[in-house]
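The lines below spell out each chain.
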Amino acid sequence: MSVTIIKPGMHSTLQNLGRWGLQAFGIPIGGAMNTESAMTANRLCGNEDDALVVESTLHGLVMEFNDLTVLAITGGGCRLLINGEAAPFNRLIKVIAGSQLKTIPSEKGCRCYVATPGGWKGNTGDVLSASYILSSEATPSTDAAAAIVIGASGFGTGNWKAPEKELPDVHATTTIEIIKGPEWDRFTEDAHHAFLNEPFTVSANSDRMGYRLNGPSLHVIHTQELISTPVTRGIIQVTHEGDPIVLMADAQTIGGYPRIARVSSKDLPLLAQCRPGSRIKFANFFVDIPHPFLGVRM
Amino acid sequence: MHYPRIYPIHDYALTIEFSNLINEASHQQVMQLKREMEDNPFSGYVESVPAYSSLTVYFTAPATAERVMQEMQSRMKSSNTSAVHTASRKIEIPVCYDSSFAIDLEAVMESTGLDHEAIVQMHTANEFNVYMIGFLPGFAYMGTLPAALETARKKTPSTKIPPGSVAIAGKQTGIYPAASPGGWNVIGRTPVRMFDPERPPYSYLQAGDRVQFNPISLSAYESLL
């Protein structure tokens, strides 16, 4: 079974749940920005959670199916057209050879995930360019296909359906829960107040490594060089200029900026669906109680 | 601040900070805990990442943050931090300090007051400890430089530093494994490939290695390429 990428859209890559075990050599974990949607797409297809899926940012992806193919598409950032007809998210879809999938603009979300039974062949992080041929080991079994209704246009959907996830709307403000970071106490009261009360906008200068945020400047009480420590996805670093950066999937392994907070892991998928221009507000996830371990206050 | 300090940086990762200092004693503790985790991993252990004075332990189910926190505490209590000093790998790295490679030589001479020969002498006199790999895959943070060789980072980072560039900043020295923007002062270049995506474990150096720089001529550099 193979699929030809006609247009990769804004940015399309193959992703799984990341490459682990190599961070000590400076190799980032990577993997899907929205791991929850990637896993859902895989589960709809009966795959392992870690199977490779296509992650496509916003819209513009066009893929042509060279064979009969079963797919599940999750996430957001676009609407789906198959042979010009609207196709659903979060369901198994069967397309016949020669069909085309196209993603067109939507005002909700930022990234969609395309899975197929057996998973796509390749490596996590592979960039899909025009004329790239995607393939899968597995041919869809006729049993799996039997549950699927074939439409007049050459695609149909099965009865399997995953619950729809909340997607941030470009016109709304999305609340993201945070947990105070290891250097929270180094920031001024003004910075704490602004961080938890004022909106931030995801900057155009954001990518899979990190989201840069525009908004109030956040200042530390004393400027003091920090010793670099390991960092990971979700950590919110603040540069010397006072600009916050939320580290995302391709985050470097080590960082040296003060960490004001981290995004709760429950809200990381939601944040991954925010796009440049999206407005977000941070809400404190935990009440400020002394941490029971080693007298550390979180 | 009390040390050691343990805190989560994600649901799947805890950091143990031994101090807020860059010194070999703290780093020894970091490396010792890392070895202990690797030699005797708990169920759900994934990997641990060393930094100057901290170790971050990544885990998955069935481990939970609470359990790993307890595990780390008991391991730190039971380990004899002063005794074990395992053998480090000793690695010699040839470096050509020719002025054609030493992009920031002028700036370094000006800020340190040292001449070219003295800079090379100081950079090659002693072994350096590899504290951690980060910033870029295979980028080794090494130290500690003699005080006389300390320089500030460049105010405006260079947009493209060539691969193999050997650079200094503050008390640290490092080698750029790939072409990259960077703010450190470049004083030479090595023909050694610091990162090879085809050959596990990919990074030429790892935390805990002892590195000795050896000065080589331009022609020796070319012959080693």
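Residues numbered from 1 in each chain as written. Chains lettered and ligands numbered in written order. Predicted model: local features only at pLDDT ≥ 70, side-chain atom pairs only at ≥ 80, totals over all residues. Heavy atoms only, no water.

### Quick look at the sheet that holds strand S18 (residues 244-247) of chain A
Residue and element names in this part refer to chain A.
Inference 1: Sheet architecture is closed into a barrel: seven strands sit in the order S13-S20-S17-S18-S15-S14-S21, paired in mixed fashion. In this sheet, adjacent strand axes meet at a mean angle of 40 degrees when their direction is disregarded.
Inference 2: Relative to strand S21 (residues 279-284), helix H3 (residues 189-197) is tilted by about 120 degrees, and along the sheet it contacts strand S13 (173-180), strand S14 (200-202), strand S17 (235-238), strand S20 (259-263) and S21. (Pairing = 2+ DSSP bridges. Helix = DSSP H or I, 4+ residues; strand = E, 2+ residues; numbered from the N terminus. Axes fitted to C-alpha atoms, helices over the stretch in contact; angles between N-to-C directions. Contact = heavy atoms within 4.5 Å.)

### Some remarks on the packing of aromatic side chains
Inference 1: Inspection of the entire model under this criterion finds 19 aromatic pairs over all chains.
Inference 2: Ring centres 5.2 Å apart and planes at 90 degrees place the aromatic pair A:Trp20 and B:Tyr12 in the edge-to-face group. Here B:Tyr12 lies in the loop between strand S1 (5-10) and strand S2 (13-17) and A:Trp20 lies in the loop between strand S2 (11-15) and helix H1 (35-44), a pairing that spans two chains.
Inference 3: With a relative accessible area of 34%, A:Trp20 lands in the partly exposed category.
Inference 4: A centroid spacing of 6.5 Å and a plane angle of 40 degrees characterise the contact between B:Phe195 and B:Tyr202, whose relative ring orientation is tilted. (Phe/Tyr/Trp six-rings, centres within 6.5 Å; stacked < 30°, edge-to-face > 60°. Buried < 20%, exposed > 50% of the residue type's maximum accessible area, 1.4 Å probe, protein only.)

### Notes on the interface of chain B and chain A
Inference 1: With 40 residues of chain B in contact, the opposing surface of chain A contributes 32 residues.
Inference 2: Between chain B and chain A, roughly 3100 Å² of surface is buried when both sides are summed, and carbon and sulfur atoms account for 64% of that area.
Inference 3: If you sort the residues of chain B by the area they bury against chain A, B:Ile9, B:His10 and B:Glu47 come out on top, with a joint share of 17%.
Inference 4: If you look at where chain B meets chain A, you find two salt bridges.
Inference 5: For B:Glu17, the salt bridge is made with A:Arg259, and the minimal N-O distance between the two is 3.9 Å.
Inference 6: Seen at the junction of chain B and chain A, the total is nine residue pairs in polar contact (both at pLDDT 80 or more). (Buried area = accessible area lost by both parts, 1.4 Å probe. Salt bridge = Lys/Arg side-chain N within 4 Å of Asp/Glu carboxyl O. Polar contact = N/O pair within 3.5 Å; in protein donor to acceptor, adjacent residues only side chain to side chain.)

### Some thoughts on the pairing of strand S9 (residues 100-105) of chain A
A regular strand carries its side chains on alternate faces of the sheet.
Inference 1: Sheet analysis places strand S4 (residues 61-65) of chain A next to S9(A), joined by three bridges and oriented antiparallel. Bridge assignment links A:Val62 to a residue of S9(A), and that residue is A:Lys102.

### A short note on the nonpolar core
Inference 1: By size, the foremost hydrophobic cluster in this structure holds 40 residues, and its most contacted members are A:Phe195, A:Tyr211, A:Leu218, A:Ile236, A:Ile260, A:Leu271 and A:Phe282.
Inference 2: Considering every element that reaches this core, the biggest residue donor is helix H4 (residues 268-272) of chain A, with four residues.
Inference 3: Sequence-distant contacts of A:Tyr211, defined by excluding residues within four places in its chain, comprise A:Met33, A:Arg111, A:Val202, A:Ser206, A:Pro244, A:Ile245, A:Val246, A:Met248, A:Leu271, A:Ala272 and A:Cys274.
Inference 4: Core analysis: the next-biggest nonpolar cluster, separate from the first, contains 27 residues, B:Ile93, B:Val130, B:Val166 and B:Val211 among them. (Core = buried A, V, L, I, M, F, W, Y, C linked by side-chain atoms within 4.5 Å.)

### Brief notes about the side chain of B:Asp196
Residue and element names in this part refer to chain B.
Inference 1: Relative to the elements of secondary structure, Asp196 occurs in the loop between strand S12 (185-189) and strand S13 (210-216).
Inference 2: For Asp196, a relative accessible area of 12% corresponds to the buried category.
Inference 3: In this structure the side chain of Asp196 is engaged in a polar contact, spanning 2.9 Å, whose partner is the backbone nitrogen of Glu198.

### Digging into the sheet that holds S1(B)
Residue and element names in this part refer to chain B.
Inference 1: Taken together, the four strands give an open sheet; going across it, the order is S1-S2-S4-S3, and neighbouring strands pair in antiparallel fashion. Pairing within the sheet leaves two strands with one partner each, and these edge strands are S1 and strand S3 (45-50). Ignoring which end each strand starts from, the neighbouring axes of this sheet average 20 degrees apart.
Inference 2: Relative to strand S4 (residues 54-59), S2 runs antiparallel, the two sharing five bridges.

### Section: unusual backbone geometry
In most cases, non-glycine residues show a negative phi, while peptide bonds are predominantly trans.
Inference 1: Cis geometry is found at the peptide bond from B:Tyr3 to B:Pro4, where omega equals -5 degrees.
Inference 2: Within the fold, B:Pro4 resides in the segment before S1.
Inference 3: Here B:Gly143 and B:Thr144 are connected by a cis peptide whose omega angle stands at 5 degrees.
Inference 4: Phi angles above zero are rare outside glycine, and A:Asn90 is one such case at about 65 degrees.
Inference 5: Positionally, A:Asn90 belongs in the loop between strand S7 (85-87) and strand S8 (91-95).
Inference 6: A relative accessible area of 8% places A:Asn90 in the buried class.

### Looking at the pattern of salt bridges
All names here are of chain A.
Inference 1: All chains considered together, the criterion is met by 22 salt bridges over all chains.
Inference 2: Residue Glu55 is joined to Arg208 by a salt bridge in which the shortest nitrogen-to-oxygen separation is 2.8 Å. With Glu55 in strand S3 (residues 53-57) and Arg208 in the loop between S14 and strand S15 (210-214), this pair connects stretches of sequence that are 153 residues apart.
Inference 3: Residue Glu55 is classed as buried on the basis of its relative accessible area, which comes to 0%.
Inference 4: What makes Arg208 buried here is its relative accessible area of 7%.

### Regarding the environment of B:Pro177
Residues and elements named next belong to chain B.
Inference 1: Tracing the sequence through the fold places Pro177 in the loop between strand S10 (172-175) and strand S11 (180-182).
Inference 2: Distance from Pro177 to Val166, taken between C-alpha atoms, is 9.4 Å for residues eleven residues apart in sequence.
Inference 3: When neighbours within four sequence positions are excluded, Pro177 is seen to be in contact with Leu136, Pro137, Gly138, Phe139, Pro163, Met194 and Phe195.

Geometric values such as these leave the question of function open.
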